[in-house]
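Topology and contacts: notes
For reference, the chains in residue letters:
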Amino acid sequence: MNFDQDVTVAELSFNEKIKFNENIKKENHSLFQILETPNEKVAAFEIAQQLHAGNNIFNNSGLTEDGLDMKIQKTSKTNPEIMNWVSKHAEALFETEKGLPDGHFSGNTVLSKDRQTLYVFVEGMPTWTDRFEGNQKRNSQNPDCRGRHPFKPSNFQ
């Protein structure tokens, strides 16, 4: 089987029609449960999902804006790799709120408290080939973006 370098589409066929249970509710884990997750990728994804949904689990947690001198409570099970990730990305976690509505970006996003900065959670190393529906990634003020996109979040209110 050959896989495309960027995206591979697989077709799955079933003998019966697929039924979806609309009553399934996703359990939101607490910050402490997430910090104890053995797999840091799973933890980072859970954090991004909750923030994108508008549930900032870091509010009143002891997280600081710059990730230094954090006062987040730890247990003996706290995964130090997750704490490092949180510290490294504190700016995008501290007092942020729900991001872009679904359909504008195929991933999780959050807005800064002042609604001037959009943070995009990109799985793996970003190549910046991701698409924002109805927006351009680059402009004359910021030709290479450096991880920050120049459009105004107010366009999505």
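Below you will find a few notes about this structure. Computed from a prediction, not measured in an experiment: that's the story for all the values here. (Residues numbered from 1 in each chain as written. Predicted model: local features only at pLDDT ≥ 70, side-chain atom pairs only at ≥ 80, totals over all residues. Heavy atoms only, no water.)

A closer look at helix H3 (residues 80–88)
Residues that lie three or four places apart on an α-helix share one face, since the helix turns once every 3.6 residues. Which entries qualify depends on this criterion: When accessible area is computed with a 1.4 Å probe and restricted to protein chains, residues below 20% of their type maximum are described as buried, those above 50% as exposed, and intermediate ones as partly exposed. Helix and strand labels come from DSSP, where a helix needs a run of H or I of at least four residues and a strand needs a run of E of at least two; each type is numbered from the N terminus. The directions from the helix axis to the C-beta atoms are what the arc is built from. Two N or O atoms count as a polar contact when they lie within 3.5 Å, although within protein this holds only if one can serve as hydrogen donor and the other as acceptor, and sequence-adjacent residues are included solely when both atoms are side-chain atoms.
Those residues of H3 that sit buried are Ile82, Met83 and Val86. Seen along its axis, H3 keeps its buried residues to an arc of 100 degrees; they face one direction. Among the exposed residues of H3, those oriented more than 90 degrees off its buried face are Pro80 and Lys88. Its side-chain oxygen at 2.9 Å from the backbone nitrogen of Glu81, Asn79 defines the N-terminal cap of H3.

Observations concerning the pattern of salt bridges
Condition: Here, a salt bridge means any Lys or Arg side-chain nitrogen found within 4 Å of an Asp or Glu carboxyl oxygen.
What the rule picks out here adds up to two salt bridges. Residue Glu95 is joined to Lys113 by a salt bridge in which the shortest nitrogen-to-oxygen separation is 3.6 Å. Remark: Lys113 occurs in the loop between strand S2 (108–111) and strand S3 (118–121) and Glu95 occurs in the loop between helix H4 (90–93) and strand S1 (97–98); sequence separation between them is 18 residues. Classification of Glu95 as partly exposed rests on a relative accessible area of 34%.

Points about the sheet that holds S2
Defined as follows: Strand pairing is assigned whenever DSSP identifies at least 2 bridges connecting the two strands. Should any heavy atoms of two residues lie within 4.5 Å, those residues are counted as being in contact. Angles shown run from 0 to 180 degrees and are taken between the N-to-C directions of axes, each axis being a line fitted to C-alpha atoms and, for helices, limited to the stretch in contact.
Pairing within the open sheet is antiparallel, and its three strands lie in the order S1-S2-S3. Two strands lie at the open edges of the sheet, namely S1 and S3, each paired on one side alone. Relative to S3, S2 runs antiparallel, the two sharing four bridges. The partner of Leu111 across the bridge, within S3, is Leu118. On the sheet, helix H2 (residues 40–52) packs against S1, S2 and S3 and is oriented at approximately 55 degrees with respect to S2.

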